[in-house]
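Each chain, letter by letter, is given below.
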6 protein chains.
Amino acid sequence: MSHFQLQQASHEPVVLQEVPFYKPAGNECTLFEVAYRQQLPLLIKGPTGCGKTRFIAHMAARLGRPLYTVSCHDDMTAADLTGRYLLKGGETVWVDGPLTQAVRTGGICYLDEIVEARKDVTVVLHPLTDDRRILPLERTGEILKAPDGFMLVVSYNPGYQNILKSLKPSTRQRFVSISFDFAPLEAEVEIVSSESGLPVAQCVPLVNLGKRLRALKEVDLEEVVSTRLLVYCAILIKNGLDPFQAAETALVEPLCDDLDVKEGLLELIRATYG
Amino acid sequence: MSHFQLQQASHEPVVLQEVPFYKPAGNECTLFEVAYRQQLPLLIKGPTGCGKTRFIAHMAARLGRPLYTVSCHDDMTAADLTGRYLLKGGETVWVDGPLTQAVRTGGICYLDEIVEARKDVTVVLHPLTDDRRILPLERTGEILKAPDGFMLVVSYNPGYQNILKSLKPSTRQRFVSISFDFAPLEAEVEIVSSESGLPVAQCVPLVNLGKRLRALKEVDLEEVVSTRLLVYCAILIKNGLDPFQAAETALVEPLCDDLDVKEGLLELIRATYG
Amino acid sequence: MSHFQLQQASHEPVVLQEVPFYKPAGNECTLFEVAYRQQLPLLIKGPTGCGKTRFIAHMAARLGRPLYTVSCHDDMTAADLTGRYLLKGGETVWVDGPLTQAVRTGGICYLDEIVEARKDVTVVLHPLTDDRRILPLERTGEILKAPDGFMLVVSYNPGYQNILKSLKPSTRQRFVSISFDFAPLEAEVEIVSSESGLPVAQCVPLVNLGKRLRALKEVDLEEVVSTRLLVYCAILIKNGLDPFQAAETALVEPLCDDLDVKEGLLELIRATYG
Amino acid sequence: MSHFQLQQASHEPVVLQEVPFYKPAGNECTLFEVAYRQQLPLLIKGPTGCGKTRFIAHMAARLGRPLYTVSCHDDMTAADLTGRYLLKGGETVWVDGPLTQAVRTGGICYLDEIVEARKDVTVVLHPLTDDRRILPLERTGEILKAPDGFMLVVSYNPGYQNILKSLKPSTRQRFVSISFDFAPLEAEVEIVSSESGLPVAQCVPLVNLGKRLRALKEVDLEEVVSTRLLVYCAILIKNGLDPFQAAETALVEPLCDDLDVKEGLLELIRATYG
Amino acid sequence: MSHFQLQQASHEPVVLQEVPFYKPAGNECTLFEVAYRQQLPLLIKGPTGCGKTRFIAHMAARLGRPLYTVSCHDDMTAADLTGRYLLKGGETVWVDGPLTQAVRTGGICYLDEIVEARKDVTVVLHPLTDDRRILPLERTGEILKAPDGFMLVVSYNPGYQNILKSLKPSTRQRFVSISFDFAPLEAEVEIVSSESGLPVAQCVPLVNLGKRLRALKEVDLEEVVSTRLLVYCAILIKNGLDPFQAAETALVEPLCDDLDVKEGLLELIRATYG
Amino acid sequence: MSHFQLQQASHEPVVLQEVPFYKPAGNECTLFEVAYRQQLPLLIKGPTGCGKTRFIAHMAARLGRPLYTVSCHDDMTAADLTGRYLLKGGETVWVDGPLTQAVRTGGICYLDEIVEARKDVTVVLHPLTDDRRILPLERTGEILKAPDGFMLVVSYNPGYQNILKSLKPSTRQRFVSISFDFAPLEAEVEIVSSESGLPVAQCVPLVNLGKRLRALKEVDLEEVVSTRLLVYCAILIKNGLDPFQAAETALVEPLCDDLDVKEGLLELIRATYG
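The residue count restarts for each chain, going from 1 along the sequence in the order it is written. As a convention, the first chain written is A and the first ligand written is 1, with the rest following in written order. Side-chain atom pairs in this predicted model are given and counted only at pLDDT of 80 or more, local residue features only at pLDDT of at least 70, and totals for whole chains, interfaces and linings cover all residues. Heavy atoms from the whole structure form the basis of all side-chain values; hydrogens and water molecules are not counted.

*Asks:* In this structure, what is going on with the relation of the copies chain F and chain D? I would like to understand it.
*Replies:* Copies of the same chain, two in number, are related to each other by a rotation about an axis and a translation along it. The least-squares superposition of copies is restricted to C-alpha atoms, and to residues with a pLDDT of at least 70 in both copies. Each copy superposes on the other: chain F lies on chain D with an RMSD of 0.1 Å after a rotation of 60 degrees and an axial shift of 0.0 Å. Both copies are brought into coincidence by an operation consistent with a six-fold rotation axis. Little of the interface of chain F is mirrored in chain D, where only 4% of its interface residues are also at the interface. Two residues qualify as a contact provided that any one of their heavy atoms is within 4.5 Å of a heavy atom in the partner residue.

*Asks:* Explain the sheet that holds strand S1 (residues 42-45) of chain F to me, please; I cannot follow it from the model alone.
*Replies:* What links the strands of a sheet is backbone hydrogen bonding, and the strands pair in either a parallel or an antiparallel sense. All names here are of chain F. Strand pairing is assigned whenever DSSP detects at least two bridges linking the two strands. A helix here means a DSSP run of H or I that spans at least four residues, while a strand means a run of E at least two residues long, and both kinds are numbered starting from the N terminus. If you walk across this open sheet you meet the five strands as S2-S5-S8-S1-S9, and the pairing is parallel. If you trace the sheet from one side to the other, it starts and ends with strand S2 (67-71) and strand S9 (176-179), each paired once. Neighbour to neighbour, the strand axes of the sheet diverge by 20 degrees on average, direction disregarded. Here four bridges tie S1 to strand S8 (residues 151-156), and the two strands are oriented parallel to one another. Across the sheet, the residue bridging to Ile 44 is Ser 155, located in S8. Helix axes are fitted to C-alpha atoms over the stretch in contact, other axes to C-alpha atoms as well, and angles between N-to-C directions run from 0 to 180 degrees.

*Asks:* Got a minute to help me understand the side chain of Thr129(A) in this structure?
*Replies:* By secondary structure assignment, the location of Thr129(A) is in the loop between helix H5 (119-125) and strand S6 (134-137). Only protein chains enter the accessibility calculation, which uses a 1.4 Å probe. A residue is then buried if its area is under 20% of the maximum for its type, exposed if over 50%, and partly exposed in between. Owing to a relative accessible area of 2%, Thr129(A) belongs among the buried residues under this scheme. N or O atoms closer than or at 3.5 Å make up a polar contact, with two conditions inside protein: a donor-capable atom paired with an acceptor-capable one, and, for residues adjacent in sequence, both atoms drawn from side chains. Side-chain polar atoms of Thr129(A) contact the side chain of Arg174(A), separated by 3.5 Å. What Thr129(A) contacts, discounting residues up to four positions off in sequence, is Pro41(A), Leu152(A), Arg174(A), Phe175(A) and Tyr232(D).

*Asks:* Quick question: what am I supposed to make of unusual backbone geometry here?
*Replies:* Residues apart from glycine generally show negative phi values, whereas peptide bonds are mostly found in trans. One non-glycine residue with positive phi stands out, namely Arg133(C), at about 50 degrees. Here Arg133(C) is to be found in the loop between helix H5 (119-129) and strand S6 (134-137).

*Asks:* Would you take a moment to explain the interface of chain F and chain D for this structure?
*Replies:* Interface size is commonly expressed as the accessible area that is lost once the parts come together. Of the residues lining the interface, 49 residues belong to chain F; the matching set on chain D comes to 41 residues. Approximately 4000 Å² of surface area, both sides summed, lies buried where chain F meets chain D, with 53% of it carried by carbon and sulfur atoms. The largest contributions to the chain F side of the interface with chain D come from Arg228(F), Tyr232(F) and Asp257(F), which together make up 13% of the buried area. When a carboxyl oxygen of Asp or Glu is within 4 Å of a side-chain nitrogen of Lys or Arg, the pair counts as a salt bridge. One can count three salt bridges joining chain F with chain D. Between Lys45(D) and Asp257(F) there is a salt bridge, with its nearest N and O atoms 2.9 Å apart. On inspection of chain F and its partner chain D, the count reaches 16 residue pairs in polar contact (both at pLDDT 80 or more). Where the side of chain F that touches chain D is concerned, the elements lending two or more residues are S2, strand S3 (83-88), helix H10 (227-238) and helix H11 (243-252) of chain F. Ranked by the residues each element gives to the side of chain F that touches chain D, the list is headed by H10(F), at five residues. Its residues assigned to classes, the side of chain F that touches chain D comprises 19 nonpolar, 15 polar and 15 charged. Here the quantity called buried area is the total loss of accessible area, with a 1.4 Å probe, experienced by two parts when brought into contact, counted for both. Side-chain classes are defined by residue name, with Ala, Val, Leu, Ile, Met, Phe, Trp, Tyr, Cys and Pro counting as nonpolar, Asp, Glu, Lys and Arg as charged, and the others, Gly among them, as polar.

*Asks:* What exactly am I supposed to notice about the environment of Tyr110(C) here?
*Replies:* Residues and elements named next belong to chain C. Relative to the helices and strands, Tyr 110 is located in strand S5 (residues 108-112). Residue Tyr 110 is classed as buried on the basis of its relative accessible area, which comes to 1%. On a C-alpha basis, the gap between Tyr 110 and Leu 99 in space is 8.7 Å, while along the polypeptide they are 11 residues apart. Look past the residues within four positions of Tyr 110 in its chain and what remains in contact with it is Lys 52, Thr 53, Ile 56, Leu 67, Tyr 68, Thr 69, Val 70, Val 153, Val 154 and Ser 155.

*Asks:* Where do I start with the sheet that holds strand S9 (residues 176-179) of chain B in this structure?
*Replies:* Residue and element names in this part refer to chain B. Ordered by their spatial adjacency, five strands build an open sheet running S2-S5-S8-S1-S9, and the pairing between neighbours is parallel. Two strands close off the open sheet at either side, each with one partner strand: strand S2 (67-71) and S9. Across this sheet, the average inter-strand angle for adjacent strands is 20 degrees, counted without regard to direction. As judged from the five bridges shared by S2 and strand S5 (residues 108-112), these two strands associate in the parallel manner. Within the sheet, the bridge partner assigned to Val 70 lies in S5 and is Leu 111. Each of strand S1 (42-45), S2, S5 and strand S8 (151-156) is contacted by helix H2 (residues 52-62), which is oriented at about 180 degrees to S5, the strand it contacts most.

*Asks:* Help me understand the domain arrangement of chain A, please; the structure alone is not making it clear to me.
*Replies:* Residues and elements named next belong to chain A. Along its sequence, chain A is organised into domain 1 (6-179) and domain 2 (185-273). With both sides pooled, the region where domain 1 packs onto domain 2 buries about 750 Å², and carbon together with sulfur makes up 50% of that total. Area buried by domain 1 at its contact with domain 2 is led by Phe 21, Lys 23 and Gly 49, which between them contribute 55% of it. Applying the counting rule to domain 1 against domain 2 returns two salt bridges. The residue Arg 54 makes a salt bridge to Glu 195 at a minimum N-O spacing of 2.9 Å. For the interface between domain 1 and domain 2, the tally reads two residue pairs in polar contact (both at pLDDT 80 or more). Among the residues forming the side of domain 1 that touches domain 2, the class breakdown is two nonpolar, three polar and two charged. Residue ranges assigned to each domain were obtained from an automatic or database domain assignment.

*Asks:* Whenever I open this one, the packing of helix H7 (residues 185-196) of chain E against helix H8 (residues 200-215) of chain E confuses me. Can you help?
*Replies:* All names here are of chain E. Two numbers describe how H7 lies on H8: the axes approach to 9 Å, and their chain directions differ by 120 degrees. On the basis of their axis angle, the class for H7 and H8 is oblique. The chirality of how H7 crosses H8 is right-handed. Contact residues: Leu 185, Glu 188, Val 189, Val 192 and Ser 193 in H7; Val 200, Cys 203, Val 204, Leu 206, Val 207, Asn 208, Lys 211 and Arg 214 in H8. Residue composition of the contact of H7 with H8, grouped by class: eight nonpolar, two polar and three charged. Note that the term roughly parallel is reserved for angles under 35 degrees, roughly antiparallel for angles over 145, roughly perpendicular for angles of 65 to 115, and oblique for everything else. For a crossing to be left-handed, the near helix must be turned anticlockwise from the far one by less than a right angle; the clockwise case is right-handed.

*Asks:* Teacher, can you tell me more about the pattern of salt bridges here?
*Replies:* Where side chains of opposite charge bring their charged atoms close, a pairing between them can arise. Under the definition given, this model contains 96 salt bridges over all chains. In this structure, the salt-bridge partner of Lys23(A) is Glu190(A), at a minimum N-O distance of 3.6 Å. One end of the pair, Lys23(A), is in the segment before helix H1 (28-37); the other, Glu190(A), is in helix H7 (residues 185-196), and 167 residues separate them in sequence. Across the pair Asp130(B) and Arg174(B) runs a salt bridge, and its minimum N-O distance is 3.7 Å. Of this pair, Asp130(B) sits in the loop between helix H5 (119-125) and strand S6 (134-137) while Arg174(B) is found in the loop between helix H6 (169-172) and S9, placing the two residues 44 residues apart along the sequence. Accessibility classification places Asp130(B) together with Arg174(B) in one group, the buried group. One network of salt bridges, in which partners are shared, links Lys45(A), Arg172(A), Glu253(D), Asp257(D) and Lys262(D).

*Asks:* Any chance you could explain the packing of aromatic side chains here in plain terms?
*Replies:* Aromatic ring pairs are defined here through the distance separating the ring centres and the angle between the ring planes. For Phe, Tyr and Trp, rings pair up if their centres lie within 6.5 Å, where Trp contributes its six-membered ring, and each pair is then called stacked (planes under 30 degrees apart), edge-to-face (over 60) or tilted (otherwise). Within the structure shown, the criterion is met by 18 aromatic pairs over all chains. Where Phe32(A) meets Phe55(A), the ring centres are 5.6 Å apart and the plane angle is 85 degrees; that geometry is what we call edge-to-face. Separated by 23 residues along the polypeptide, Phe32(A) in helix H1 and Phe55(A) in helix H2 (residues 52-62) bring together distant segments of the chain. Taking relative accessible area as the criterion, Phe32(A) reaches 0% and is therefore assigned buried. Among the residues examined, Phe55(A) registers a relative accessible area of 0% and is labelled buried. Ring centres of Tyr22(F) and Phe55(F) lie 5.1 Å apart, and the angle between their planes is 45 degrees; on these two criteria the pair is classed as tilted. Of the two residues, Tyr22(F) is situated in the segment before helix H1 (28-38) and Phe55(F) in helix H2 (residues 52-62); the sequence distance between them amounts to 33 residues. Here a set of aromatic residues connected by ring pairs shows up, and it is made of Tyr22(A), Phe32(A), Phe55(A) and Phe180(A). Positioned over the ring face of Phe182(B) is Arg214(B), at 3.8 Å from the centre of the ring. Two limits define a charge over a ring: the Lys NZ or Arg CZ must be within 6 Å of the ring centre, and within 35 degrees of the ring normal.

*Asks:* How should I be thinking about the pairing of strand S5 (residues 108-112) of chain A in this particular structure?
*Replies:* Remember that side chains alternate between the two faces of the sheet whenever the strand is regular. Residue and element names in this part refer to chain A. Burial within S5 is extensive, with five of its five residues counted as buried. Of the two faces of S5, the one lined by Ile 108, Tyr 110 and Asp 112 and the one lined by Cys 109 and Leu 111 are each fully buried. Pairing geometry for S5 and strand S8 (residues 151-156), over four bridges, is parallel. For Ile 108, the partnering residue across the bridge sits in S8 and is Met 151.

See below:
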């Protein structure tokens, strides 16, 4: 089920041999390529599990560029991105972080959930996202000039109503940006079937159920059923689990703890698998 | 009373010779095994002391996989899971954390009370819980690919009404999930008797008392009497303590400090042992 | 006045030759011994200075086990309990903390005021308090199995109304528990006289005064006069201080700063020594 | 698209050979030069992306001074500005920070978004901004006297309504100050065309659209369309993207997530490109 | 003006040759001596500058014990009291803190403003303040037994209404305690005259003024005029300053910034020196 | 424009050859000298830019004492004042901080904006400000006795209404204190003219304008126009800038961002230069 090769060493460019499967929903591939060629940083917005990570892996492979993915969080420091000195054999050795590696090798650096990062992390990106395209490494005294192949891609989920955390406007202003959403019915059925091995005929009611569960979003849930959870459910069904139980395990329990909310979701599921 | 062998060295797979006793309540064993075979991460929800840890030890032994258990807390760092450099003989040596050990040896990594962990800890799990199944070790420059035998299991207790702490929806979405609860009367009697050595006839009123005390939950207590406390009480009775005093020591004092609440609980106990 | 020998080295079991004086108030000695033999962790609750520390020293000596006492506070880290690497002669050397020493030597580890400890500290105790009875030392890669002689005892004072701090229910559930209170009149007179050397006849009015001062608790004081303070007062009287002044110095000033509250306490004292 | 040379080594003065294009809006160039010659520190206020950074690069090149740019943030420490000791080959080596480099080489040090910096950072600037013009390096024991060529320039965006963060009055009092705003229509058209390569005739409606979008500022947006985003949009159009889609990608998505606000902006865009 | 010898080395007992001048207000000297002989820890309460520090220096010299004084504050760590490892010549060397020095040499350790200290600091004192009289040094693995000469003295100012900070009742309960206040008129005149060299006749109106200023306490000031400030004022007068100006400089400006409050104080001063 | 020599090495006393220009407003020079001769610590209060720093530089030079100036801030640690160990050539070397240097060389240590400092910093000053006049260096085990030439001077601006930060009364009580304010008209004209080189005739209307702007203080500004800003304005005028523009740049923009407040200030300026 994995489309990824193992990246073993840090400084050699690693390019995926095989382009991961991705089904475009609009002209996002064209836009990505123009941004890449014109050296514009890209911001992708969209809900969890709608295929942002897959899309970027797909484009990186198509463009023949190594991909450096970083999941951001609020304890990540700038050094986690740029690198740090480590003590080896009594001597300090500088070890590049993923951002620095991407700049040195002319790769694509993808920062997932960028709004989770602290300000000092996002500020590191500033000189890379204006016409200077440089990465100053204060610790080593280097100022790296990004080669043509380097591209910065960031993403976040605007669905979270996180008042405390948001991308600074002065950072957002440095990116062109597109919004993602879940694939339409037919496309999502194709994805679920191809990822799980469950026949298309069995995937249609499942994806339809997913769409109906998502329509309940406003009611009680922090987040809706992702394509990934539909794939999980399909895998459980394919491996012999009762579809109702599979749906409870993959679509209800991961999303909520409240008994009343659970019951509401289970009712919808019973209409399909009851 | 211990079913565990001593794990002495870090990198050699350690597998339990003896499968710990576990009495299934439903099809949780099947679900665990499907999730294991299909490489889906698993989230288990349930109250303290209802047998989650025992269940996972049981399944790990049945599947012949080494088990790495980590109790999460809010001062745990990502390095506690993945590993760190230590200075030995003037040279820095990398020491794997339990998650990295589980990935390297193809074992089961169990993170107990995952909601207690900080965000940087849960984010480390992300690339292990999608189709990449990789663990990037930024400090060593390695990107580990999880072998087939690796499985990630996490748990938490949804009964805590912790507004400040909850699992990020984007993390929850990466797991299939099941809910646990205390065993039904007969099964719990069997467990308490088998763990304490107290005859079944004496365990029946004790477990019945436990069930009645749990029914008081809504009133005043943060948490209900666990199966573990019933076992403790049975051990005290078996060793000659007065049953009323044993129940006070094992079922009342550990749960509350308030005199009025204590009195309410003691009244129920008097009905059984007074 | 000290019943303690000097513990000089870390890893050799140290056992008190002389059993410290302790006057039981109920069956707490039996309960302690059953818990010790059955390897159940013990939680002791009670006000400051009522004799918890003395009781544990007494039982440790009776059972012939070395005692490791730790006063918990909110800046204590898990490493303060388990141990840490220190740099010695250019080489890092692991130094066991008191909990690890207790596990290695099969001793009793007593954590005083456990509610003051941070969560990462209490979580370290979890695998020692279920049927695994193990202490994983992530830093050294060891997983220690507690020998039969090892026992964990914790205590706290439920009288503090500390809303921010409390023992997690999932931690409390791992202990059998007993409540302590001040000794009854006759017993407390015996303790005060034996500790201070003041004749019993002079201790009776003093302990009676202490009991009356405690009865004022609800009014204005955070905590009541402890047995220790009564012993201090008796020592001052025995050494020639005026009893009224001794009581002011040992029973009033240590407990409050407010002039009105002081005056209230002094009035009671005048009734005895005025 | 980059006007910058790579600064490779830390201590040699680096001066831009080519003066970056800058179109003055008033007498800001004269004022900058007087402040430079008279050794007065300069504070520049203005919205994101209105050309502050470009202006300073332009002046630094015109005056033949090396430029050291630092993006401030609230995790930046004073040591990030002044320098620190690093361990190299078993010996600690002092490495100058950008401010120290600017003082040593007589360059211009530009601190972008100074209000984001912590107090200890701004206080480091005090002895450089009064008649002493010194930089005490407590760690090395040096007190550097700034040469004539040294100039300190700071900037911030007063549009952010950040109650928690503001420049201390005692710091502000040390600077002469000017306010920047977006260029007038004709000048902004010239900038957008020159930066993107899109013909002036196509830039006029785009810049007009930008001005109209900025006029909506009061309504819903944290920040308005910058000149930089207009340049991005022009680049997308020049590379064949549909102008409406280019505007959505470069002018709408980077500025907001709210569907209603987006719709309001898109309506204005449809009037131009619909 | 200094009564103190220089303590140069850490581990040799240092005893003052000359007993600093101290004028007793009551039986505090007797009480100190009884507490010292009976090994009871002592807590001294009183306003700033009323002579607590001087009293302790006096008693330490009288008893022939070295004195270790520590001003507590909320960034002080337990290691500041007990000691720490320092790297010297590639080897770590343990350096005792002042508390450890006092224990090793059998001296008096005086912790000034103990309420400012963090909890981990006060908890370090616990085993020294019960009948164990031990100081466990976890870092070195030592458990020091305090010799007979060791005494612990702490102080704080109950006048501060610091809601956030207070001594834990469980810590207070470990001390006998006395309250200090400013000396009565005649004694304070003697102190001020002896410290400043100003003739007694000139000190009388000054001390009277100080008493009147203190009587205003309830009105507007956080703290009242200390004996130390009266000494400062006397020194200024003796050196030729105008008494009104001396009082403004030594008694008004140090106590408040508010113009109205200042005027109120100055009015009282004019009545004496106007 | 600088009156300061470069202090190159740390431990040799550095004394200014030339006494910086200072125009006394009252008897502050006498008071400073008495405090210096009598070894009383001095606290100076007053608004930003009224000449406090200049006054102290003047007095230090007059008294022939080296001056150590420290700008305090809330991330400054006690070690920044006293010193720290640094690793050099594999050996740790102690490096004195500015306070320690002042004590060792018998110089004047000036702590600017002392209220910004943390409590652990101000507490370090306590033993230097009573009759002990010692500086205990816990890290080195030294207790330094201040020589006669040592003097401690601190300052702060009481105009800031910082509720969170204030000098502890127990610290304030250790200083004699004087209040500073802006110089009267004639004196300020002389200062502005002498610092900027602008003829007196042109300085008179400028300083008058400054006085009028200060009278607006109550209305909207956090702080008023300082003498320093008037000097800046005079420099801009002398170098050919239009006086109105010079005043906008030096007197308005540095003080506020609000458009309405700016307009109010500009109106006053137009009355002089319009």
